[in-house]
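What the coordinates show
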Amino acid sequence: MPAELLLLPAGLLISLLCSSVGLGGGIFMVPLLLWLGLSPHTAVGTSLFAITVVACSSTLAYALQRRIDYRTGLLLDSLDVPGAVAGAYLTTMLAGGTLSRLFGVVLLGVGCHLWLRRETGEEVPPSFTLRPVLVTAAGSFASGFVSGMFGIGGGIVDEAVMLLGLGMSLKLSAGTAMFGMSLTTLPAFLSHLLLGHFSPSHALPLAAGCALGGPLGAITSRGLSTRTLQRVLAAVILLVGIRLVLRAG
């Protein structure tokens, strides 16, 4: 059996897990595609196609469940681009290894906090007074900054902002994060497509699995407790933090 066929069940499992907590799954897809022999740029472009499918399909499922705060999702996208530009620029000026290690340690702290956290947050959108607006806008810039500097998705930052900064429940923040992701991943994918960073033979089975796993993740999350979802998210964040610390050497 061609190795590419393994991407369908892999895409299903990755997207089911990640979409249930508001993540796209790139942290798992890119290493898998690299293991299958793709170049780093092609792996990123191919994974972005699959993440677009995850984001759009799960957004539809979350919308049907009325578990999206559209206002927060749009504001969390508002400063992604300036943040990404700033992050990419700073990589040319600062020692990447030290910054990667520091951010990894921060993620380890966030992951541990979410794992131990007893509060489950509010399942209603936050009131948009000055403080929540400023927190969300700052989070949007930080999300783009992290993507531009470290090459990882900003979904983790978006979730941290909604859960810890805005006091939202993961039952609401997950759908909101996927909605925001659905607006930003397609342009990112098209940029890589124009540069030739795309492998259809890998993308199609991976995306097929994601088309199934995205809505299933949204449906599954509805039946799980908020604390269980928080611990799933915490485990993923801890994995990313460990990866960043180890990558820094």
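Residues numbered from 1 in each chain as written. Predicted model: local features only at pLDDT ≥ 70, side-chain atom pairs only at ≥ 80, totals over all residues. Heavy atoms only, no water.

Looking only at helices and strands, one finds eleven helices and zero strands in the protein chain. In the protein chain, the order of α-helices and β-strands from amino to carboxyl end is α-α-α-α-α-α-α-α-α-α-α. Taking 18 Å as the expected radius of gyration for a compact globule of 249 residues, we find that the protein chain reaches 17 Å, a close match to that expectation. In terms of principal-axis extent, the alpha carbons of the protein chain reach across some 50 × 45 × 30 Å. Buried residues in the protein chain amount to 48% of all 249 residues. (Helix = DSSP H or I, 4+ residues; strand = E, 2+ residues; numbered from the N terminus. Rg over C-alpha atoms; globule rule 2.2 N^0.38 Å. Buried < 20%, exposed > 50% of the residue type's maximum accessible area, 1.4 Å probe, protein only.)

Phi angles above zero are rare outside glycine, and R66 is one such case at about 60°. Of note, R66 is situated in the loop between α3 (40-64) and α4 (70-77). Its relative accessible area of 78% is what places R66 among the exposed residues.

Turning to the environment of A43, a few remarks are in order. Counting through the fold element by element, A43 comes out in helix α3. Given the relative accessible area of 0%, A43 is considered buried.

Glancing now at helix α9 (residues 170-194). Compared with an ideal rise of 1.5 Å per residue, which puts 25 residues at 36 Å, α9 spans 36 Å between its outermost C-alpha atoms and is within 8% of the ideal. The residue sitting at the N-terminus of α9 and contributing the capping side-chain oxygen is S169; that oxygen lies 3.1 Å from the backbone nitrogen of K171. Looking at the residues trailing α9, positive phi occurs at G196, about 80°. (Expected span 1.5 Å × (residues − 1). Polar contact = N/O pair within 3.5 Å; in protein donor to acceptor, adjacent residues only side chain to side chain.)

To continue, consider the nonpolar core. Side chains that are nonpolar tend, in soluble globular proteins, to be buried together. Counting residues in each nonpolar core, the largest one holds 47 residues, and the members touching the most others are L23, M29, L107, L114, L170, L233 and I237. Of all the secondary structure elements, the ones that give two or more residues to this core are α1 (7-19), α2 (26-35), α3, α6 (96-116), α8 (155-165), α9, α10 (200-223) and α11 (226-247). When neighbours within four sequence positions are excluded, I237 is seen to be in contact with L107, V110, G111, L114 and I156. (Core = buried A, V, L, I, M, F, W, Y, C linked by side-chain atoms within 4.5 Å. Contact = heavy atoms within 4.5 Å.)

What follows is about the packing of α2 against α3. The contact between α2 and α3 brings their axes to 9 Å, and the two run at 140°. Taken together, the axes of α2 and α3 are oblique relative to one another. As for how α2 packs across α3, the hand of that crossing is right-handed. Contacts between α2 and α3 pair G26, M29, V30, L33 and L34 from the former with P40, A43, V44, T46, S47, A50, I51 and V54 from the latter. (Axes fitted to C-alpha atoms, helices over the stretch in contact; angles between N-to-C directions. Parallel < 35°, antiparallel > 145°, perpendicular 65-115°, else oblique. Left-handed = near helix turned anticlockwise from the far one by under 90°.)

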